[in-house]
Amino acid sequence: MNQNATDSSNPNMPKKCPQCGRSLPADALDGLCPACLLAQGVSAETGPEGTPFQPPTVEEVARLFPQLEIQAFIGKGGMGAVYKARQPELDRIVALKILPPQAASGPGFAERFNREARALARLSHPNIVAVHEFGQVNGLPFFIMEFVDGLNLRQLERTRKLSAREALQIVPQICEALQFAHDEGIVHRDIKPENILVDKKGRVKIADFGIAKLMGRETEADLTETKGVIGTPNYMAPEQVEKPETVDHRADIFALGVVFYEMLTGELPLGKFAPPSSGRVEVDVRLDEVVLRALEKEPQRRYQQASQVKTAVETIASAAAAAPPPDAEALAQEILARDYVLDIGSCFNRAWTLVSGDFWATIGVAALISLLCSAASSTLIGIIVNGPLMGGLWLYFLKKSRGEKPGIETAFSGFSIAFAPLMLAWLVANLLMFLGFLCLILPGIYLLIAWKFTLPLIADKRLEFWPAMELSRRIVTRHWWKFLAFGLLAFLLNLAGFLVFCGLGLFFTVPISMAAAAYAYEDIFGVAARTTGVGPHGTAVLPGAAANPSGSGSGGWKVAALIIVTVLLILATSIGAILLAIGISNMKARDRANHERAVAIQQVEEARRVAASRQLAFGPTIEQTIQARAAGTNQFLDLDTGTLLTPAPEIASILAAQPGEDENRLWQALDIPTDSSRFRYIAWLRESGADLMFAGDGKIIGFDGVFALAHGDNSTNWNDWDSLSPEQTREAVNVLDWFRRATEARSFGQPAPPGPVTGGIINSAFQLDSQIGGGPLVNLLTREQSELWFFKTREGANGVLQIMESNAPNTVKIRYQLVKSDSPFREALAARLKAASIISGNTERDAALARLARDAAKAGEAELVKATLQEIRGTTERDQAALDSVRQLARLGLKLQAVEIAKTISSNSTRDLALSELAR
Amino acid sequence: MSTEPAAQTTATRADVFATTHWTVVLTAGGGGSQQADMALEELCRTYWYPLYVYVRRQTPTREDAEDLTQAFFARFLEKNYLAGLNSERGRFRAFLLAALKHFLANEWDRANRQKRGGGVAVVPLDWQNADTRYQIDPPDNLSPDKLYDRAWAVTVLERVLARLRDESATEGKADLFGQLKPYLSVGKSAIPYAQAADSMKLTEGAVRVAVHRLRGRYRELLRDEVRQTISDPAQVEEEMRALFTAFAD
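None of these values were measured; they are calculated from a predicted model. (Residues numbered from 1 in each chain as written. Chains lettered and ligands numbered in written order. Predicted model: local features only at pLDDT ≥ 70, side-chain atom pairs only at ≥ 80, totals over all residues. Heavy atoms only, no water.)

(A) Representation of the overall build of chain B. A count of helical and extended segments in chain B gives 12 helices and 0 strands. Total accessible area on chain B is roughly 12200 Å²; 50% of this is exposed by carbon and sulfur atoms. (Helix = DSSP H or I, 4+ residues; strand = E, 2+ residues; numbered from the N terminus. Areas by Shrake-Rupley, 256 points an atom, 1.4 Å probe, with all protein chains shown as cover.)

(B) Quick look at the overall build of chain A. Each helix and strand counted, chain A has 34 helices and 21 strands in total. Residues counted as buried form 48% of the 920 residues belonging to chain A. A separation threshold of at least 6 residues defines the contact pool for chain A, and within that pool the share at least 24 residues apart is 64%. Only carbon and sulfur atoms are counted for the fraction: they give 58% of the accessible area of chain A, which is about 43500 Å². (Buried < 20%, exposed > 50% of the residue type's maximum accessible area, 1.4 Å probe, protein only. Contact = heavy atoms within 4.5 Å.)

(C) Representation of the side chain of A:Glu239 within the structure. Residues and elements named next belong to chain A. As for its placement among the helices and strands, Glu 239 is situated in helix H8 (residues 238-242). The class of Glu 239 is buried, set by a relative accessible area of 6%. At a separation of 2.8 Å, a polar atom in the side chain of Glu 239 contacts the side chain of Arg 302. (Polar contact = N/O pair within 3.5 Å; in protein donor to acceptor, adjacent residues only side chain to side chain.)

(D) Structural detail: the packing of helix H30 (residues 842-859) of chain A against helix H32 (residues 875-891) of chain A. Residue and element names in this part refer to chain A. At their nearest, the axes of H30 and H32 sit 8 Å apart, and the two run at 10° to each other. When the interaxial angle is binned, H30 and H32 end up roughly parallel. Here H30 and H32 pass one another in a crossing that is right-handed. For the pair formed by H30 and H32, the contact residues are Asp 846, Ala 850, Ala 853, Arg 854, Ala 857 and Lys 858 on the first element and Glu 877, Gln 880, Ala 881, Asp 884, Ser 885, Gln 888 and Leu 889 on the second. In the contact of H30 with H32, the residues fall into 5 nonpolar, 3 polar and 5 charged. (Axes fitted to C-alpha atoms, helices over the stretch in contact; angles between N-to-C directions. Parallel < 35°, antiparallel > 145°, perpendicular 65-115°, else oblique. Left-handed = near helix turned anticlockwise from the far one by under 90°. Nonpolar A, V, L, I, M, F, W, Y, C, P; charged D, E, K, R; others polar.)

(E) Representation of the pattern of salt bridges in the model. Summed over the entire model, instances satisfying the criterion amount to 37 salt bridges over all chains. In this structure, A:Asp199 engages A:Arg203 in a salt bridge whose closest nitrogen and oxygen atoms are separated by 3.6 Å. Assessed through its relative accessible area of 39%, A:Arg203 is described here as partly exposed. B:Glu225 is paired through a salt bridge with B:Arg159; the nearest N and O atoms lie 2.8 Å apart. Taken together, the residues span a long stretch of sequence, with B:Glu225 in helix H11 (residues 204-228) and B:Arg159 in helix H8 (residues 144-171) at a distance of 66 residues. Among the residues examined, B:Arg159 registers a relative accessible area of 28% and is labelled partly exposed. One continuous salt-bridge network, built from bridges that share partners, spans A:Arg154, A:Glu157, A:Glu194 and A:Glu262. (Salt bridge = Lys/Arg side-chain N within 4 Å of Asp/Glu carboxyl O.)

(F) Quick peek at the nonpolar core. Formed by 74 residues in total, the largest nonpolar core has its most connected members in B:Phe72, B:Phe76, B:Phe92, B:Leu96 and B:Leu222. Broken down by element, this core gets its largest block of residues, 11 residues, from H8(B). The residues contacting B:Leu96, other than those within four sequence positions of it, are B:Tyr47, B:Leu51, B:Phe72, B:Phe76, B:Tyr148 and B:Trp152. In this structure, A:Ala95, A:Ala117, A:Ile206 and A:Ala237 belong to the second largest nonpolar core, which totals 63 residues. (Core = buried A, V, L, I, M, F, W, Y, C linked by side-chain atoms within 4.5 Å.)

(G) Region of the structure containing the side chain of A:Glu146. Among the secondary structure elements, A:Glu146 is positioned in strand S5 (residues 140-146). Excluding its chain neighbours within four sequence positions, the residues that come into contact with A:Glu146 are A:Ala95, A:Ile128, A:Val129, A:Ala130, A:His132 and A:Lys205.

(H) Region of interest: the sheet that holds strand S6 (residues 150-152) of chain A. All names here are of chain A. Taking strand neighbours across the sheet as the criterion, the 3 strands line up as S6-S7-S8 in an open arrangement whose pairing is antiparallel. Looking along the sheet, the strands with just one partner apiece sit at the ends: S6 and strand S8 (204-206). Each strand of the sheet is rotated relative to its neighbour by a mean of 25°, with strand direction disregarded. The strands that helix H5 (residues 164-183) touches are strand S7 (196-199) and S8; relative to S8, the one it contacts most, it runs at about 40°. (Pairing = 2+ DSSP bridges.)

(I) Here's a closer look at unusual backbone geometry. Here the phi dihedral of A:Asp91 falls at roughly 55°; this positive angle occurs in a residue that is not glycine. Its place among the elements puts A:Asp91 in the loop between strand S2 (80-87) and strand S3 (92-98). For A:Asp91, a relative accessible area of 52% corresponds to the exposed category. A positive phi angle, close to 60°, is found at B:Lys201, a residue other than glycine. Relative to the helices and strands, B:Lys201 is located in the loop between helix H10 (193-200) and H11. Taking the relative accessible area as the measure of exposure, B:Lys201 reaches 71% and is therefore exposed.

What follows is the structure, encoded as structure tokens:
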């Protein structure tokens, strides 16, 4: 039956509406969609609070108002759009309200607008938003008004539920504004939460006075006309709806009643509504009267003046709201004005009763929270949770002290009640307490206790964290001695608890301390409430056990606290002083030891330096070939200088064998009397400094010096030319020296002087001494006996020589090296020794030698000293010279060498004296 | 003659109390006052198309539909249908449909078929356009009642637009109307003010104001039109919603 419109004969496909998708009717409505048209026609363009127009953007407004700096779009007000702007000339922030253009339509608008606006401008009241300017621009009516930095009542109600107390603070301000306006003959007509502004200081300001009339929004019908859908929360008085022409200021009072009701209950008084007090406990029943009377349908039955409402409300508020406002300042003033009593004994007594009465619960809760706190303290979580945990514990004990029955959830309620302030307070208080500990002087101790009540103030009275801290501090400061005593007592109690049963006693003492603190809090902060019977938040305060006000006790506590503090201070200082003294003496002893060690080290260093200055080294290796007489010329070698010497012919002739004499008698020929003409040979020997001679047939003759060979034990290597060190050489020579003297002493029938201990075997060269006094000592060196020979020359030079292999029978090749040390005096002294040793007269010679010995000792030439001393014939002189030399050497720090020389002293007493002197 | 002054008096009285055509008709009570007749005629002249649509839906051919519709109107204006149909008296739309149904059910059989071109054209109807429109209209599987309602709604809207156009023309804003017309069917948040301002060489603020005014006036006129067909002004909302639901699938 239907004609199919989509058959091919139909050129036009059915169009669809881009908005709703329905097919469009053909050739109708100019292509518009009827459904959409109807939808737009049926729906209301405005919501309950919306403006009937799209507010212009900030840029548009800025263009319309060049004289203003438009800063931001604040919102759509009840009738228009509001913008935040700045007047540059006056440099003030204002609110610019633009009304919808349709408001400007209608007859007589301009005239009405001006009239109303002028009336509004007369309203100068702190609780009324002032109108600075008004006018029309581009068909848009506008007002420039006072800018209120805050929220309107609707926004406030949305963000948080207002308490009865807050409502009681707002309503009187509204009443004042209304009364003022009514006295000026102006009715608001549109009182509603959106028009009631509350700034950041809590001041109430009514906006949009009289605009309703201005806009022609006087009747319900007008409203419906522009708003459309009915269903908006309606603050209009009944007569405003039914008989708008009879409306007077009492309509505002009705609206106020609606607003008031909404503030208290959160709902509108529609139909059969319940009185405000029935919903919430905190609403005073007397307020019911006020609200209900304001909401009377008949204007005659309502309050006739806004001021009457205000009076009624304030009467109730002053009676009921002696409950301390959440203002810390007022609270503090109250409490400080009344003064308080802190009876420590009573607090602890009651605490004991409380805890022992409900033992397991209190112990358990306190233990749980404490353990959580300490567990959290070890991590960073402690920073966050400890404040709320402790706050909850305070609240638990507070409630218990008030006789309520808190559950364990109360102990955790710190998180839900005031998480951030508790956390902050905990952090800051602990920080300050820590600083107090660092100080440990009176201000520090003060800081320890000042914040005691911060947490309960936040948890119980819901103060902000800094006001709570300040309040606690101010309260405590009043009688801070007592608090100190309180704190000390609690501390001692907990200390005792800690010591008892290895800390388990704490589980008992901590709840007692907490409970005592809670009672103290109640005594101080609860007093204000108890006198009027209404506690914080309008709750009924159950009377706890009253504190015994004993003023006499306070003085005793003060003294006790003073004594305890003094004792602690003295203790602390004395401990400190003792520690300090110990520390100082330790330091002194340490210093002395250090000093001595330093001195000893210095001395050793000195000796080492001196010894080092006498660093031993070998001189150059000198090789010489010495010719025997049989080869023609008899050659002598001066070991000290390394030069070959040839005697003069007449001396050489002496050495020549007499007819019939054996060539080997050479060394026998040494027995030459000094008055013999042949003694010239001996004299030449000594003068020339010759040390060695080759007598042929492999025999080397060493004169006056000491020639010996020494074999060390396995550890030494005295037989190896290459590995010999100068020290070893000198040591060997010392041994040899001693050996010679020992031999000499024995030959004189005297005991051998004490000699060096050596691990080697000493073999001296075959020696022959001259029978005649003054003759040289002769040493016989042969290669068969040893290749290496240690020697010590007449002049005191130490060295070692090696007899090389030789082909020719009449020459011998040797190499030797002397142990050398830098000493500028040595040569001079050696020369002097040489010279002195040939002095003929014994006495003179001994004297010269003694002088020389002393000089050598002064120069530190221990070797020369020894050599010189040996030359001294006279025992007494020698001993004396030795003693002097020992002293000299000791003074130079050459103790070792001095000891050696001391040991050579033949006289026992002198030797003992010298050695004892050295031992010091 | 003697009735004229009476009629006039009645008419004057009717003027004071009756604001809508239908009210006029109803208050006249079918007494055949001149005013009432004129009102009824006016209504019929306005709303014949939905009737035709309904009839056309029922009849296979265009000629039959035309005949039927014409016959109905003749009968309707002739007879006094008002007395019989009490329940629909509040709304003319419903009343008309009920009358039509009644007519179709009962009186067609006996009706004199009006020969084409020979019938008394009580109400001048544009048959040609009507059928064209009907043909083009999308073939919904809708009940005739719904078709009727939809056609009724479209008719109402047509009249509203026409009045708007006329008003704009008298204000000298015919062009403006033409440009802003599409925004009548668009949600207010979807209106591209900036673009419109650009194309119309106006400030955005001016466009907003003009659009707002037009939409407001449209709504007013729409309500007014709807109110013409109902007796109780409080039922405007209901009637409008009823029309809107005609488009609900």
